[in-house]
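# Notes for the structure review
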Amino acid sequence: MNIESLNNNLVKENLLSRIVFLDEVDSTNKFASVNYAELPHDTLIITEFQKMGKGRFERKWESSKGTNLMFTLLKELKIDIDKIHNVIFYTSYMLFNTLKEILDDTLGKNLLLKWPNDVLLNRKKTAGILLEVKNLKQPVKLFIIGIGLNVNETDFQSDNIVSATSLKKETGKEFSREDILEKFIINFYKNYNLLKESDKLIDEWKKNSFGIDEKISFSQYEDDKEKSGYIKDIDHDGAIMIRFDDGSVKKFYSGEIKIKY
Amino acid sequence: MDLNYLKKLIKIIDTSSISEIEIEEEGKRIKLSKPRPKVLANVSPLNVPLSAATAVNEEASALRKPAEEKPSEEIIIPFTKENIAEVKSPMVGTFYRAPAPEADAYVNVGSIVSPGSILCIIEAMKLMNEIESEVSGKIIKILVENAQPVEYNQPLFLIEKS
């Protein structure tokens, strides 16, 4: 990882306050969560190798050393509590746009967002986002925004071979991780207006989303039984509406959608 | 809450030794109370003739009896709203007691907390929201099972304030 060029282009341009580079770490989100009091906001934490995925949802982010992007951004944002989910839609949409810029037009068309926090390429997961919020009751909240993006990974374990991919695996080309990261940070910092326009953000997100009217299976929480149905819509409050096979339509604020391959 | 339900409640209270009841369900709260038996301390035996004082004392002991038969009312006192803080969910989501599936719970019944202590996580749309205590005290009840969905304003914990 060429930290020098990231420093020149992101810190000296006053987007980021600091870049913390860790050769290896449990997880960049966990590092941020433990050390946030000592780190200035707008710090970017980046690692070449993550020893564990972050807890609950990111299972284990498959990664060979030095091939992918794993980073966490510490960002203070003034946002009301009933709008905080916009940060996840905003982050995934900015990542989606960044990848669109990087891939050629044909492949760019195969990028899709998946509710609520994934980016798919050719219907396989290539990026995942996990957010933590501190100071929930304060007007200014601290967001710990963790992103894992499979860039040049080619070694996929068999249980993930159907559902996970990387930019290289789908295109056959190597990509500059620094270039992707730089473009993402610039997109993230230059489009804040969209974060304030909730309805517009969700509408744009939805236009690029996987699966309206697609067959999926859904589980609401850990150990919940999977139920099959269709994605009916994504509401302006960020919730997903699912029409189950028994005909009932329900709205959910959390849960896991599984694609039927 | 319909009128018949309310009437029934009033009847039950009238015929019981309960002097006050508060019920909360589905976001609606109702509080009913009836006058308590006269407080006897106002009657000072010293201001009345001896014979009358004796009579008053007899009356007093007669009146005191029903009051003493109201333990249910007395027990409630340590659990008044003043020393119990109810922690409510600030959002719709899923309740998690630990930061990761294998990790220890943030708090258990009996845990001592102070303002800023993390009590749980409410997850919504893969956003992990840490819920902090606003008071000092002891967790006396955890009202939601791990990994269950919660509604906005749903009570999550009861904390006995110290």
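Note on numbering: residues in each chain are counted from 1, in written sequence order. Written order decides the labels, with chains lettered from A and ligands numbered from 1. Only residues with pLDDT of at least 70 are given local features in this predicted model, and only at 80 or more are side-chain atom pairs given and counted; all residues enter the totals for whole chains, interfaces and linings. Computation of side-chain values: all heavy atoms of the structure, hydrogens and water removed.

## Focus on the interface of chain A and chain B
We call two residues in contact whenever any of their non-hydrogen atoms come within 4.5 Å of each other. On the side of chain B, 24 residues touch chain A, which itself brings 30 residues to the contact. Summed over both sides, the interface of chain A with chain B buries roughly 2400 Å², with 61% coming from carbon and sulfur. Criterion for a salt bridge: a side-chain nitrogen of Lys or Arg within 4 Å of a carboxyl oxygen of Asp or Glu. For the pair chain A and chain B, the number of links is three salt bridges. Between lysine 134 of chain A and glutamate 130 of chain B there is a salt bridge; the shortest N-O distance is 3.1 Å. A 3.5 Å cut-off defines polar contacts: any pair of N or O atoms within that distance qualifies, except that in protein one atom must be a possible hydrogen donor and the other a possible acceptor, and neighbouring residues in sequence count only when both atoms are side-chain atoms. Counting across the interface, chain A meets chain B through eight residue pairs in polar contact (both at pLDDT 80 or more). For helices the rule is a DSSP run of H or I covering at least 4 residues; for strands it is a run of E covering at least 2, with both sets numbered from the N terminus onward. Of all the secondary-structure elements, those providing two or more residues to the side of chain A that touches chain B are α3 (85-102) and β6 (124-134) of chain A. Per-element tally for the side of chain A that touches chain B: the top contributor is β6 of chain A, with five residues. Side-chain classes are defined by residue name, with Ala, Val, Leu, Ile, Met, Phe, Trp, Tyr, Cys and Pro counting as nonpolar, Asp, Glu, Lys and Arg as charged, and the others, Gly among them, as polar. Tallied by class, the residues present in the side of chain A that touches chain B amount to 14 nonpolar, nine polar and seven charged. Paired strands, in this sense, are two strands between which DSSP finds at least two bridges. Inspection of the sheet shows β6 of chain A paired to strand β7 (residues 127-132) of chain B by three bridges, in the parallel sense. When the sheet's bridge partners are listed, leucine 131 of chain A is paired in β7 of chain B with leucine 127 of chain B. As used here, buried area is the combined drop in accessible area, with a 1.4 Å probe, of two parts when they are placed together.

## Considerations on the domain arrangement of chain A
All names here are of chain A. According to the domain assignment, chain A consists of domain 1 (3-207) and domain 2 (215-259). The domain limits used here are those given by an automatic or database domain assignment. Inter-centroid distance (C-alpha atoms) of domain 1 to domain 2 is 24 Å. Listed per partner, the contact involves 13 residues of domain 1 and 17 residues of domain 2. The contact between domain 1 and domain 2 buries some 1300 Å² in all, and 59% of this surface belongs to carbon and sulfur atoms. Three residues, Lys114, Trp115 and Lys206, lead the burial of domain 1 against domain 2; their summed loss comes to 47% of the area buried on that side. Counting across the domain 1 and domain 2 interface gives one salt bridge. For lysine 206, the salt bridge goes to aspartate 233, with nearest N and O atoms at 3.0 Å. For the pair domain 1 and domain 2, the number of links is six residue pairs in polar contact (both at pLDDT 80 or more). Looking at the side of domain 1 that touches domain 2, the elements that each hand over two or more residues are α3 and α8 (198-207). Element by element, the count of residues in the side of domain 1 that touches domain 2 is highest for α8, at five residues. A breakdown of the residues in the side of domain 1 that touches domain 2 according to their chemical character gives six nonpolar, one polar and six charged.

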